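These are the residues of each chain, in order.
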Amino acid sequence: MDTVKIGQFIKSLRKEKSLTQREVAERLNVSEKTVSKWETGNGMPEVGLMLPLCKFYGIGINELLSGERLDERQYVEKAEENIACLVDRTPPRKKIIITTISCILVILSSLALILISAFFIAEIWIKSVVIGIAMIVVFADISVIILVAVSTEIYTCEKCGEKFVPSLKAYILAPHTFKRRYLKCPHCGKKSWNNSHLKK
Ligand SMILES: [Zn+2]
């Protein structure tokens, strides 16, 4: 995503309307400094502000992210590029933390549900259904944590120095510590303890 191009684009839209940065800032309920940051390309509007900004200037989000007006054909083409970019902008570490916290909360409440039903529900069949559902939720949640971890971690081979992403199966089955995993390198084929890094 070219923030400088986007900045120039929204600046030109503002000039078309003969507005000052202050006027735009007031209309969008942000500081003048924020508008200036957008226009110089030093910052992108937060996702929550994109829609109001686009409405204000009469453009589509896709055009905003592309930094230019688009015709119909370009619109579809650019949409895919831009969505990929947006998803990529969430920092991996943040993604992991958010997912882990929410998953742990779900797991804890499911465990609480299991305990409560084990002690307080008399009918066996209701008890089994509740416990069954809670266990499925816990299992699904653990899978989500693993999937997120796999999708954000990258390993460097000790032997040849190549970086690689292990398969889900290799990731789960490999012996590991917090930072290292015993994996087979797809480049040199040797097994070693590899250090993990977060994808940039
Ligand atoms: Zn290797």
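These numbers come from a predicted model, not from an experiment. Residue positions are given per chain, counting from 1 as you read along its sequence in written order. Under the rules for a predicted model, residues below a pLDDT of 70 receive no local features and side-chain atom pairs below 80 are neither given nor counted, while totals for whole chains, interfaces and linings still include all residues. As a rule here, side-chain values cover all heavy atoms of the structure and leave hydrogens and water aside.

Our next topic: the side chain of Arg 181. In this fold, Arg 181 is placed in strand β3 (residues 180-184). Identification of polar contacts relies on pairs of N or O atoms within 3.5 Å, with a donor-acceptor requirement for protein atoms, meaning one able to donate a hydrogen and the other able to accept it, and with residues adjacent in sequence counted only if both atoms are side-chain atoms. At 3.3 Å, the side chain of Arg 181 forms a polar contact with the side chain of His 176. Excluding residues within four positions of it along the chain, Arg 181 makes contact with Tyr 155, Tyr 171, Ala 174, Pro 175, His 176, Ser 192, Trp 193 and Asn 194. For the purposes of this entry, the term helix denotes a DSSP run of H or I that reaches at least four residues, the term strand denotes a run of E that reaches at least two, and both are numbered from the N terminus. By definition in these notes, contact holds between two residues if any of their heavy atoms fall within 4.5 Å.

Because no water is among the atoms considered, metal sites can look incomplete, with donors defined as N, O and S atoms within 2.8 Å of the metal, or 3.2 Å for Na, K and Ca. Coordination of the zinc ion by the protein comes from Cys 157 (SG), Cys 160 (SG), Cys 185 (SG) and Cys 188 (SG), over a distance range of 2.3 Å. A four-donor site is classed as tetrahedral when every donor-metal-donor angle falls between 85 and 135 degrees; four donors are called square planar, and six octahedral, when trans pairs exceed 155 degrees and all remaining angles lie between 65 and 115, with any other arrangement labelled irregular. The coordination sphere of the zinc ion comprises 4 donor atoms, whose angles at the metal cover 106 to 114°; the geometry is tetrahedral. Summarised as a motif, the one-chain spacing of the donors to the zinc ion is C-x2-C-x24-C-x2-C. Residue Cys 188 is classed as partly exposed on the basis of its relative accessible area, which comes to 30%. Burial classification: accessible surface area is computed with a 1.4 Å probe over protein chains only, and a residue below 20% of its type maximum counts as buried, one above 50% as exposed, and the rest as partly exposed.

A few words now on the sheet that holds strand β2 (residues 163-164). Strand pairing in a sheet relies on backbone hydrogen bonds. The paired strands run either parallel or antiparallel. Any two strands with at least two DSSP-identified bridges between them are counted as paired. Ordered in space as β2-β1-β4-β3, the 4 strands form an open sheet in which the pairing is antiparallel. In this open sheet, the two strands that pair with only one neighbour each are β2 and β3. Relative to strand β1 (residues 153-156), helix α8 (residues 124-152) is tilted by about 50°, and along the sheet it contacts β1 and β4 (191-198). Note on geometry: axes are lines fitted to C-alpha atoms, helical ones only across the stretch in contact, with angles between N-to-C directions running from 0 to 180 degrees.

Take it as geometry only, folks, not as evidence of what the structure does.
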